[in-house]
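Inside the fold
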Amino acid sequence: MIAKKMQSMVANSSAIRAMFEEGNRMAEMYGRENVYDFSLGNPNVAAPKEVKQAILTLLEEEDPVVLHGYTNSNAGYADVRESVAQSINGRFDTHFEGKNIIMTVGAAGGLNVALKILLNPGDEVITFAPYFGEYRSYTANYDGVLVEISPDTETFQPKLPEFEGKITEKTKAVIVNTPNNPTGVVYSEETIQKMAAILEKKQKEFGTDIYLISDEPYRELAYDGVEVPYLTKYYANTIVGYSFSKSLSLPGERIGYLVIPDEAADSRDLQAAAGVATRILGFVNAPTLQQKMVAKCLDAKTDISYYDRNRETLYQGLLECGFSCIKPEGAFYLFVKSPVPDEKEFCAAAKKYHILIVPGSSFGCPGYVRMAYCVSYETIVNALPKFKELAKEYQKG
């Protein structure tokens, strides 16, 4: 029999992945062109040409024994970590060195490393609804307790008074995700400054260290000139988790990094522990070929104009149907208000029109649904008449 902890995790397995699998089943039945799958945040833009060229160059020029072998440090290749640090410094006017960078198996692997090195059983991790549902499992992996801050459904900026009231002596970490999955909202500089001030105050009050973990897989996907604050500049005890999954359209390659600044409390211990955690969690080291590849592609970017067109088309189309949604500033999701209180009922109704969307309760925010617009433009155009038919059920539009 599987472990009790796994029994509950299996029972509450990802609704996003389940919906994606349902989409594949429906595509076999009705034809993929007749299924409008907005469930999974799987980039639909090809990786930049620099990625292919970098891989070909590495395969031709590098010693294959070294290229495909273990790294000398579980934290990653020293030259790659230094290149990443200098790239960050050039973009955000920071002062990191290679020692501050831990190469990780994507952002998910990085978050698990960060929580592994921080949490004792019973420690609390605060996050702001709506949030990426896997935070629950990642926290539970290390017997931590996830504390949710309820959503502000007008702005989807964090509710800071509630946040301040829920920080306790057991609070060890706070996870923020901006640009946000599922809303696409970017937390403003004012929000970050106020959050940092609250954390500084609470650290002094309780005599503890509280780490702010910034989960940043969507940092490069920001529209209309919106600036995404770099959080280490506002709060010393910040750990940044980054992934190249979206910025280079490489979700399956599982490559990212953690930034652990010298300014963070016990930074040397954290950096050493992150290397050990990478090993004992079974990652051993981040994929070696991908480490070398991203080091050559740090200035390359996915063409987000593709996502921007999808964003505008789907957003405007849904408004014309009568649906309500805040316009996203980043990422590639729309978070749409359900026309009925039970958004799972709405998701079921959408399936009748071959539209697949994810219930907001998966993100700690019932009453809403998430739509991933990282799909083909044709999927959006062809789906809009179906959304109009769906809206008629609820007398919208």
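Our structure's up above, just so we're on the same page.
Residues numbered from 1 in each chain as written. Predicted model: local features only at pLDDT ≥ 70, side-chain atom pairs only at ≥ 80, totals over all residues. Heavy atoms only, no water.

Focus on the pattern of salt bridges
Side chains bearing opposite charge may pair, as long as their charged atoms lie close to each other. Quick note on the threshold: Just to be clear on terms, a salt bridge is a Lys or Arg side-chain nitrogen sitting within 4 Å of an Asp or Glu carboxyl oxygen. Comment: elements are numbered from the N terminus, with helices defined as DSSP H or I runs of at least four residues and strands as E runs of at least two. Buried means the residue's accessible area, taken with a 1.4 Å probe over protein chains only, is under 20% of the maximum for its type, while exposed means over 50%, and partly exposed covers the values in between.
By the definition in use, this model includes 15 salt bridges. Here E190 ties to K194 by a salt bridge, and the two come within 3.0 Å at their closest N and O atoms. Remark: K194 and E190 occur in helix 9 (residues 189–206); sequence separation between them is four residues, near one turn of the helix. Looking at K194, the relative accessible area reads 44%, which means it is partly exposed.

A short note on the sheet that holds strand 8 (residues 256–259)
Formally: Should DSSP find at least two bridges between two strands, the strands are taken to pair. Throughout, an axis means a line fitted to C-alpha atoms (over the contacting stretch in the case of helices), and angles, computed between N-to-C directions, take values from 0 to 180 degrees. Whether two residues are in contact is decided by their heavy atoms: any pair within 4.5 Å suffices.
If you trace the seven strands from one edge of the open sheet to the other, you get 2-8-7-6-5-3-4, paired in mixed fashion. Looking at strand neighbours, the two that pair on one side only are strand 2 (101–104) and strand 4 (145–149), the edges of this open sheet. Geometrically, the sheet is characterised by an average inter-axis angle of 20° between neighbouring strands, direction not taken into account. Two elements, strand 3 (residues 124–128) and strand 5 (residues 171–177), share four bridges in a ladder whose sense is parallel. Pairing of I126 across the sheet is with V174, part of strand 5. Helix-sheet contacts for helix 5 (residues 78–92) involve strand 2 and strand 8, and the interaxial angle to strand 2 is about 115°.

A few points about the nonpolar core
Threshold: The term nonpolar core refers to a set of buried residues drawn from Ala, Val, Leu, Ile, Met, Phe, Trp, Tyr and Cys, joined through side-chain atoms within 4.5 Å.
If you look at the biggest cluster of nonpolar residues, it comprises 39 residues, and the most contacted ones within it are F38, L314 and F387. Listed by contribution, the elements that provide at least two residues to this core are helix 12 (305–321), strand 10 (333–337), helix 13 (343–351), strand 13 (368–372) and helix 14 (377–393). With six residues, helix 14 is the single largest residue contributor to this core. With sequence-adjacent residues up to four places away left out, F387 is seen in contact with F38, L314, L318, C321, F323, I355 and M371. Of all hydrophobic cores here, the second largest spans 29 residues; its members include V80, V240, Y257 and M293.

What about the packing of helix 6 (residues 106–118) against helix 10 (residues 267–280)?
Operational definition: Take the far helix as the reference: if the near one is turned anticlockwise from it by less than a right angle, the crossing is left-handed, and if turned clockwise, right-handed. Under the scheme applied here, ten amino acids are nonpolar (Ala, Val, Leu, Ile, Met, Phe, Trp, Tyr, Cys and Pro), four are charged (Asp, Glu, Lys and Arg), and all others, including Gly, are polar.
Here helix 6 crosses helix 10 at 115°, and the two axes come no closer than 9 Å. Crossing handedness for the pair helix 6 and helix 10: right-handed. Seen from helix 6, the contacting residues are V113, K116, I117 and L118; seen from helix 10, they are L270, A273, A274, A277, T278 and I280. Of the residues assigned to the contact of helix 6 with helix 10, the class counts are eight nonpolar, one polar and one charged.

Remarks on the packing of aromatic side chains
Note the following rule: The criterion for an aromatic pair is that two Phe, Tyr or Trp rings (for Trp, the six-membered ring) have centres within 6.5 Å, with stacked assigned to planes under 30 degrees apart, edge-to-face to planes over 60 apart and tilted to the rest. Here, a charge over a ring means that NZ of Lys or CZ of Arg falls within 6 Å of the ring centre while also lying within 35 degrees of the ring normal.
Counting across every chain of the model gives 19 aromatic pairs. Between the aromatic rings of Y218 and Y333, the centroid separation amounts to 5.6 Å while the plane-to-plane angle is 80°, which identifies the pairing as edge-to-face. In this pair, Y218 sits in the loop between strand 6 (211–215) and strand 7 (238–243) while Y333 sits in strand 10, placing the two residues 115 residues apart along the sequence. The class of Y218 is buried, set by a relative accessible area of 4%. Assessed through its relative accessible area of 2%, Y333 is described here as buried. Centre to centre, the rings of F332 and Y333 are 5.1 Å apart; their planes meet at 70°, and the pair counts as edge-to-face. Accessibility assignment for this pair places F332 and Y333 in one class, buried. Taken together through their ring pairs, the aromatic side chains of Y218, Y306, Y307, F332 and Y333 make up a single cluster. Between K292 and the ring centre of Y77, over which it is positioned, the NZ or CZ distance is 4.4 Å. In this structure, R309 is placed above the aromatic ring of Y377, and the distance from its NZ or CZ to the ring centre is 3.7 Å.

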